[in-house]
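Notes for the structure review
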Amino acid sequence: MNISLKAADKKPLYKDPNAPVEKRIDDLLNRMTLEEKVGQMNQFVGIEHIKTAVANLSKEELKTNTASAFYPGFTHKNVEDWTKNGLIGSFLHVLTLSEANYLQSLAMQSKLQIPILFGIDAIHGNANAPDNTVYPTNIGLASSFDTEMAYKIARQTAKEMRAMNMHWTFNPNVEVARDQRWGRVGETYGEDPYLVSRLGEQTVKGYQGNLNSNENVLACVKHFVGGSEPLNGTNGAPTDLSERTIREVFFPPFKAGADAGAMSFMTAHNELNGIPCHANEWLMNDVLRKEWGFKGFIVSDWMDIEHMSDLHGTAENLKEAFYQSIMAGMDMHMHGIHWNELVTELVKEGRIPESRIDQSVRRILDIKFRLGLFENPFADEKQSMKVRLNPEHRATALEASRNSIVLLKNNGILPLTNKYKNVLVTGINTNDMNILGDWSAVQKDENVITILEGLKMISPETNFDFVDQGWDPRNMNPKKVKEAIAKAQKSDLNIVVAGDYMMRFRWTERTSGEDTDRSDLDLVGLQNELIEKISASGKPTILILVSGKPLSIEKQANQASAVIEAWEPGMYGGQAVAEIVYGKINPSAKLPVTMPRSVGQLQMIYNHKPSQYFHPYVITSSEPLYPFGYGLSYTTYKYSNLKLSETTIPQTGNINVCLDVTNSGTRDGVEIVQLYIRDKFSQVTRPVKELKDFARVSLKAGETKTVTFSITPEKLMFLDKKLNPVVEPGEFIVMVGSSSRDSDLLKQSFFVK
Ligand code: BGC
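Residues numbered from 1 in each chain as written. Predicted model: local features only at pLDDT ≥ 70, side-chain atom pairs only at ≥ 80, totals over all residues. Heavy atoms only, no water.

Let us now look at the pairing of strand 20 (residues 669–679). Burial runs high along strand 20: nine of the eleven residues are buried. Relative to strand 25 (residues 730–737), strand 20 runs antiparallel, the two being bridged by six bridges. From the neighbouring strand, Arg678 faces strand 25, where its bridge partner is Ile733. (Buried < 20%, exposed > 50% of the residue type's maximum accessible area, 1.4 Å probe, protein only. Helix = DSSP H or I, 4+ residues; strand = E, 2+ residues; numbered from the N terminus. Pairing = 2+ DSSP bridges.)

Shown next as structure tokens:
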């Protein structure tokens, strides 16, 4: 009895896995100095990242270059010492398990042995680190309208992350993408709040589970909020949005993320209506915490607290910026020095109460306890590769890729038969790893199937003549372009694989991705000439696009026989594209964003207000090139028998909608059935239609299935003149069909009394 009591005495309560988390936090907080608490709120980049910056940058750059994550005046040795002294709570940009375990071993030398929480941008698989499964990026996943797949990918990613000792992914990005000049469209789920919400919430659930296991990771819902409709299309530019638009369009996916249990949020780079999001008390405290009941912690984005003083001019200096951000609700500071000393000073000066610091530290420690990091601070090097890139995960990457590729045009040439013996293949994305997309590191060749490799694999009997245009759209060689054009006339068929360049390791050479925004949506370099002249060869031409966002390809699409939007299809993208080209897979994906004809059409969204095209454009069209929800298949679908369970319902009532969908063609397929609603008359203007449900329906050739949707009051609700939620009496139009285009929809009305 005495002996066991003594043993228990030695082990502090916070180290007892059987004690309730609340008690463990109380115990630990009581033992922590102010400096240790403030350190828990700080996140640094990994030491290898710092060493690389030191090796690659000039002395002058090292003083100023924050993007490469060098801490001017400090070395990786300082970071190691701070870790050993328990002054760093989290790291990001740690890309190997050995580095993660090493840093964790330093934290284990600290007095209290509080484990490090490792965060990483695992946006589509843990692709940012080598040797992990790379799934299609979010825009491709959204094109599959597949919420189960979103869950599955997140689940697998969580396992691969934990196998690398990573605990926290900066995903889902649930921003509603409403400006396609913005380079980050590819990491979003597109333009529709309902679709984004459904995919975002499943992603959160897939990552986190109940948090309480070493196969789960913390999700981070980002970026809160509005950065996806920047005033000039550039990343981090101001956004000016009415509270109505914020609440109706931008908030729902964030609320869905919070409701799904997400335990971290990241604030957005931008200012919102004059207030930087990083100091926005309304967002962080009033809405997120009080209105939505969020219990997790909020992390800043890269250098954004700093930008309050060095960019926005809302704080006179860094200390003031830290003060404003913390008092507005910020819990953790991503990347940057001076936090520890300045925040400690602010507390000692009595400007920030220590109780405010305790609140944030509690939230962070809570996650560390719940993820089991105190019990399992390390991951096993020997087990790691058994989890990462395992066959099940690879198969999911391929399946997700197959379901993400959108067939935009087909004059009947696809799927290809082996009648075309000699095929010219050219274009910047033909044989490049760029199919992995933004937020991916370079992966081993053996783990990537490029489009050229996919074509050769799927159609070994075809003679593919590859004219290499390099990977760089800005520096295409006119001689190579000419060579391809000349060969096009002699081939039986031509394939041009065009698009954007997104790989981060060539940061400044990219044409799309984070911090890579455009003032037009045209194909860069000699790509248009290549496509146009090859299409004019008289031989059929297939255009395949690899891009994170819609490009303006009206002329090129008119000329080509078929157009495929492959997005950023991930490690097996080349195989999936080839399978679609040769008909091994019947395409099913639909656009989660509207494809405009030109940049001048922006804002181009399907759920616009009724007056948006009251006066249509002159000279050019007001119609999109391809509408939201659109995508072709090798079979055809017929919609019929639309029936509503009621014609009139009370304001609190539900209504069922059912219809028959028939595969009227000759191939089995999957159809994405979409349900839209319009409130016909209302006290404030409402969108012409809004997606309120969807279903992926697999149908054998000739088969008919009845699809049933349920319309709840929530789906009819909008914000009245005073921004209060209301279901208004009157007529509602239900629209069901294969895309958001009116001619693709069956319609019927019902009334709310
Ligand atoms: C991005 C975030 C990302 C962070 C860390 C920032 O530049 O805006 O989305 O999570 O970097 O890599």
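After presenting the structure, the write-up continues.
By size, the foremost hydrophobic cluster in this structure holds 170 residues, and its most contacted members are Phe224, Phe265, Leu414 and Ile544. Viewed by domain, this core spans two of them, domain 1 (391–613) and domain 2 (637–752), each represented by three or more residues. Every residue in contact with Phe265, bar those within four places of it in the chain, is listed here: Cys220, Val221, Phe224, Phe254, Ala258, Leu288, Trp292, Phe294, Phe297, Ile298 and Val299. Leu424, Ile534, Leu543 and Leu551 belong to the second largest nonpolar core, which has 35 residues in total. (Core = buried A, V, L, I, M, F, W, Y, C linked by side-chain atoms within 4.5 Å. Domains from an automatic or database assignment. Contact = heavy atoms within 4.5 Å.)

For the ligand, the set of nearby residues contains 14 residues, the closest of which are Asp121, Lys222, His223, Asp301 and Glu514. Contact with the protein chains covers 95% of the free accessible surface of the ligand, which is 310 Å². Of the residues that constitute the shell around the ligand, the class distribution is six nonpolar, three polar and five charged. (Near = heavy atom within 4 Å. Areas by Shrake-Rupley, 256 points an atom, 1.4 Å probe, with all protein chains shown as cover. Nonpolar A, V, L, I, M, F, W, Y, C, P; charged D, E, K, R; others polar.)

Size of an interface: often given as the accessible area lost when the parts come together. Looking at the chain, the domain boundaries give domain 1 (391–613) and domain 2 (637–752). On a C-alpha basis, the centres of domain 1 and domain 2 stand 33 Å from each other. Between domain 1 and domain 2, the residue contacts involve 14 residues of the former and 19 residues of the latter. Between domain 1 and domain 2, a total of about 1200 Å² is buried, with carbon and sulfur atoms accounting for 50% of that surface. (Buried area = accessible area lost by both parts, 1.4 Å probe.)

Within the secondary structure, Asp131 is located in the loop between strand 3 (117–120) and helix 8 (138–143). On the basis of relative accessibility, which here comes to 17%, the residue Asp131 falls in the buried class. Here Lys444 takes part through its side chain, which lies 2.9 Å from a polar atom of the side chain of Asp131. Setting aside chain neighbours within four positions, we find Asp131 in contact with Met385, Arg388, Leu389, Gln443, Lys444 and Asn447. (Polar contact = N/O pair within 3.5 Å; in protein donor to acceptor, adjacent residues only side chain to side chain.)

This part is about the confidence of the model for the chain. Across the chain, the average pLDDT comes to 96, with 98% of residues at or above 70. Taken together, the stretch residues 1–8 has pLDDT below 50 and engages in zero contacts with residues farther than four places along the chain or on a different chain. (pLDDT = per-residue confidence, 0-100.)

Reading across from one edge, 18-26-25-20-21 is the order of the five strands in this open sheet, with mixed pairing throughout. Edge positions in the open sheet fall to strand 18 (648–649) and strand 21 (690–699), since each of these has one partner strand only. In the sheet, strand 18 pairs with strand 26 (residues 745–752) via two bridges, with the strands oriented parallel. Directly across from Ile649, in strand 26, lies its bridge partner Val752.

Taken together, the buried positions of helix 14 (residues 318–328) are occupied by Lys319, Ala321, Phe322, Ser325, Ile326 and Ala328. Contact partners of the buried residues in helix 14: helix 12 (281–291), helix 13 (306–312), strand 10 (333–334), helix 15 (339–348) and helix 16 (354–370). Where helix 14 begins, the capping side chain belongs to Asn317, and its oxygen is found 3.3 Å from the backbone nitrogen of Lys319. Just downstream of helix 14 lies Gly329, where phi reads positive at about 125°.

What follows covers the sheet that holds strand 10. Strand order in this open sheet of five strands is 4-3-2-1-10, and the pairing throughout is parallel. Either end of the sheet is taken by a strand with one partner, and the two such strands are strand 4 (168–169) and strand 10. Here strand 3 runs beside strand 4; their pairing, made up of two bridges, is parallel. Its bridge partner lying in strand 4, Gly119 is registered against Trp168.

This next bit is on the packing of helix 10 (residues 193–208) against helix 11 (residues 243–259). Between helix 10 and helix 11, the shortest axis-to-axis distance is 8 Å and the interhelical angle comes to 20°. One way to sum up the angle between helix 10 and helix 11 is to call them roughly parallel. Our pair here, helix 10 against helix 11, has a crossing hand that is right-handed. Here Pro193, Val196, Ser197, Arg198, Glu201 and Val204 of helix 10 lie close against helix 11, whose contacting residues are Glu248, Val249, Pro252, Pro253, Ala256 and Gly257. (Axes fitted to C-alpha atoms, helices over the stretch in contact; angles between N-to-C directions. Parallel < 35°, antiparallel > 145°, perpendicular 65-115°, else oblique. Left-handed = near helix turned anticlockwise from the far one by under 90°.)

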